Amino acid sequence: MSTIGQSIKIENVSKFYGSFQALDTVSLEAAPGKFLTILGSSGSGKTTLLKIIAGFEAANSGQIFINGEDVARKKAYERNIGMLFQNYALFPHMTVEENIAYPLKLRKCSKAEIGERVNDIIKLVKLDGMEKRLPKQLSGGQQQRCALARAIVYNPPLLLLDEPLGALDKNLRHEMQFEIKRIQNELGITTISVTHDQEEALTMSDKICIMSHGVIQQCSSPEEIYEEPKNQFVAEFIGNTNLIKGVVESKKKESDCWVSMVKTGLTEELIRVEEPLDRRQYNLDDVLLALRPELIHLMKEREGHINSFRASIVNSVYMGDYYRVLVKTRDSSELSVKISPEAYRKYAGEKELEFFFNANCVTTIYEKEKGVILKTVEDRFIPAA
Ligand code: ADP
Ligand code: MG
């Protein structure tokens, strides 16, 4: 059994409910067999977009191409898309195998073919031995697997998942994330998944599209979303980040870039920010520096690091593999840092601790242009002698 996923491309899709705009010129694309996640908070328009892809809702404008073909004229059932939603509603009076066979019966497959396909898929989702059970005789996770089997049994080239794991407890959710990913990979089904859970998005996806108020903010690999957020919204939405105010002290043109020296209240040093010449020049004085908590390190001794600062602990939370610590700098800015349990226990008793960061770990946001982030490229790390 093998399915070859098809490509999907969404171009400038807008949707209004009355005068309310739920989707604003949304464009995204997924290559065959890839797993794309749309990540956004509740009400951002995720379900609306999936309904439009599935053919349950019509867009006001824009186009959807599946395998290069515009599907505007195709009805939902003609699009042949597999779907799994949060309330996955198995038929309560049908057994596991009857539930899974249902879409094949609708498609008028032969009895032999149905038997074989149902058998294969039951093995794939690891429900062997439970064929004759009713949904109520299954655990939440097993019901979810059964619903997944029903969604993919007819080899759809495209699978849509609308927060299907939302109702499961944490351990089960992790297990199902792993299972869905395994099955999706094995079959090569192009998948668009919708979630508000950023961890789920980071762990499952080839590509993440961050959506806010019906607008796609960034579509990139998980690594790029986390390490190179395109704007302030994305930087703050994914993971924790410290936003540190800075002022541009000087700016000059150097061969192929503009170079700004930025002063923050954090360290004595100016931080050097390079921005490629081919970008518009942002002639602004105020910037925000985005610095992830895990990129701020506790200095064990005075190591003479250039970007170091002193701060005291305001509060801390034990997270198991690290302490999440809020510290206050001498100029009263508060920063979130991560400290290993080992280091925490050794140093937390001290009145003030010294921290450092590498300037190339900082991303720079030009504050009056919240849509723009430029990367700080220079590594100012000076190793301890
Ligand atoms: P999400 O799935 O991201 O939580 P939805 O796509 O369900 O978001 O909804 C996006 C916005 O559109 C919400 O503000 C919601 O209230 C609104 N909305 C969704 N469906 C309808 C509808 N049928 N009529 C009017 N407004 C709707
Ligand atoms: Mg929704």
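Cut-offs applied
- Residues numbered from 1 in each chain as written.
- Chains lettered and ligands numbered in written order.
- Predicted model: local features only at pLDDT ≥ 70, side-chain atom pairs only at ≥ 80, totals over all residues.
- Heavy atoms only, no water.
- Near = heavy atom within 4 Å.
- Polar contact = N/O pair within 3.5 Å; in protein donor to acceptor, adjacent residues only side chain to side chain.
- Areas by Shrake-Rupley, 256 points an atom, 1.4 Å probe, with all protein chains shown as cover.
- Helix = DSSP H or I, 4+ residues; strand = E, 2+ residues; numbered from the N terminus.
- Nonpolar A, V, L, I, M, F, W, Y, C, P; charged D, E, K, R; others polar.
- Axes fitted to C-alpha atoms, helices over the stretch in contact; angles between N-to-C directions.
- Parallel < 35°, antiparallel > 145°, perpendicular 65-115°, else oblique.
- Left-handed = near helix turned anticlockwise from the far one by under 90°.
- Contact = heavy atoms within 4.5 Å.
- Pairing = 2+ DSSP bridges.
- Disulfide = S-S within 2.5 Å.
- Buried < 20%, exposed > 50% of the residue type's maximum accessible area, 1.4 Å probe, protein only.
- Domains from an automatic or database assignment.
- Buried area = accessible area lost by both parts, 1.4 Å probe.
- Salt bridge = Lys/Arg side-chain N within 4 Å of Asp/Glu carboxyl O.
- Right-handed = clockwise from strand over helix to strand, strands pointing away.

Undergrad: I'd like to hear about the site of ligand 1, residue by residue, with values.
TA: Neighbouring ligand 1 are Y17, F20, A22, S41, S42, G43, S44, G45, K46, T47 and T48. Contacts to ligand 1 include Y17, whose side-chain N or O atom sits 3.4 Å from a nitrogen atom. Between an oxygen atom of ligand 1 and a side-chain N or O atom of T48, the distance comes to 2.5 Å. For ligand 1, the accessible surface in isolation is 560 Å², of which the surrounding protein chains cover 60%. If you list the elements that add at least two residues to the shell around ligand 1, you get strand 2 (20-30) and helix 1 (46-54). Among the elements that make up the shell around ligand 1, the one with the highest residue count is helix 1 (3 residues). In the shell around ligand 1, the residues fall into 3 nonpolar, 7 polar and 1 charged.

Undergrad: Which residues make up the packing of helix 5 (residues 140-152) against helix 6 (residues 170-187), and what values do they have?
TA: Relative orientation of the contacting elements helix 5 and helix 6 amounts to 20 degrees, with a least axis distance of 11 Å. The pairing of helix 5 with helix 6 is recorded here as roughly parallel in orientation. The interaxial crossing formed by helix 5 with helix 6 has right-handed handedness. Of the residues in helix 6, those in contact with G140, G141, Q144, R145, L148 and I152 of helix 5 are L172, E175, M176, E179, I180, I183 and L187.

Undergrad: Provide a residue-level description of the sheet that holds strand 9 (residues 207-212), including the pertinent values.
TA: Through backbone hydrogen bonds, the strands of a sheet pair up, either in parallel or in antiparallel fashion. Pairing is mixed across the open sheet formed by 6 strands, whose spatial order is 6-7-8-3-9-10. The open sheet terminates on both sides in strands that have one partner only, identified here as strand 6 (81-85) and strand 10 (215-220). Neighbour to neighbour, the strand axes of the sheet diverge by 15 degrees on average, direction disregarded. Alignment of strand 6 against strand 7 (residues 158-162), held across 5 bridges, turns out to be parallel. Bridging across to strand 7, L84 finds its partner in L161. With respect to the sheet, helix 1 is in contact with strand 3 (35-39), strand 6, strand 7, strand 8 (190-195) and strand 9, its orientation differing from that of strand 7 by roughly 155 degrees.

Undergrad: Quick rundown of the state of the cysteines? Include the residues and the values.
TA: One covalent bond between the sulfur atoms of two cysteine residues makes up a disulfide. Applying the stated rule across the entire model yields 1 disulfide. Not part of a disulfide, C109 finds its nearest cysteine sulfur in C146, a span of 17 Å. Look at C146 and you get buried, because its relative accessible area is 1%.

Undergrad: Let's hear about the domain arrangement of the chain: which residues, and what values?
TA: Entries for the chain in the domain assignment read domain 1 (8-227) and domain 2 (232-369). If you average the C-alpha positions of domain 1 and of domain 2, the two centres end up 39 Å apart. Together, the buried faces of domain 1 and domain 2 total about 920 Å²; carbon and sulfur atoms form 66% of this surface. Contact with domain 2 buries surface across domain 1, with Q198, I210 and Y226 losing the most and accounting together for 52% of the total. Here domain 1 is connected to domain 2 by 0 salt bridges. Inspection of the region where domain 1 meets domain 2 yields 4 residue pairs in polar contact (both at pLDDT 80 or more). Broken down by element, the side of domain 1 that touches domain 2 gets its largest block of residues, 3 residues, from helix 8 (residues 222-227). A class-by-class count of the residues in the side of domain 1 that touches domain 2 yields 4 nonpolar, 6 polar and 1 charged.

Undergrad: Go over the pairing of strand 7 with me, naming the residues and quoting the values.
TA: In terms of burial, strand 7 is a largely internal element, 5 of the 5 residues being buried. On strand 7, burial covers both faces: L158, L160 and D162 on one face and L159 and L161 on the other are all buried. Bridging between strand 7 and strand 8 involves 5 bridges; their strand directions are parallel. Residue pairing for strand 8: L160 is matched across the bridge by I192. In terms of handedness, the path from strand 7 via helix 6 over to strand 8 forms a crossover that is right-handed.

Undergrad: Just give me the short version of the sheet that holds strand 4 (residues 61-66), but keep the residues and values in it.
TA: As summarised here, the arrangement of the 4 strands in space is 2-1-4-5, forming an open sheet in which the pairing is antiparallel. The outermost strands of the open sheet, each flanked by one partner alone, are strand 2 and strand 5 (69-70). Pairing between strand 4 and strand 5: 2 bridges, direction antiparallel. If you follow F65 over to strand 5, its bridge partner there is D70. Relative to the sheet, helix 1 contacts strand 1 (8-17), strand 2 and strand 4, its axis offset from that of strand 1 by approximately 115 degrees.

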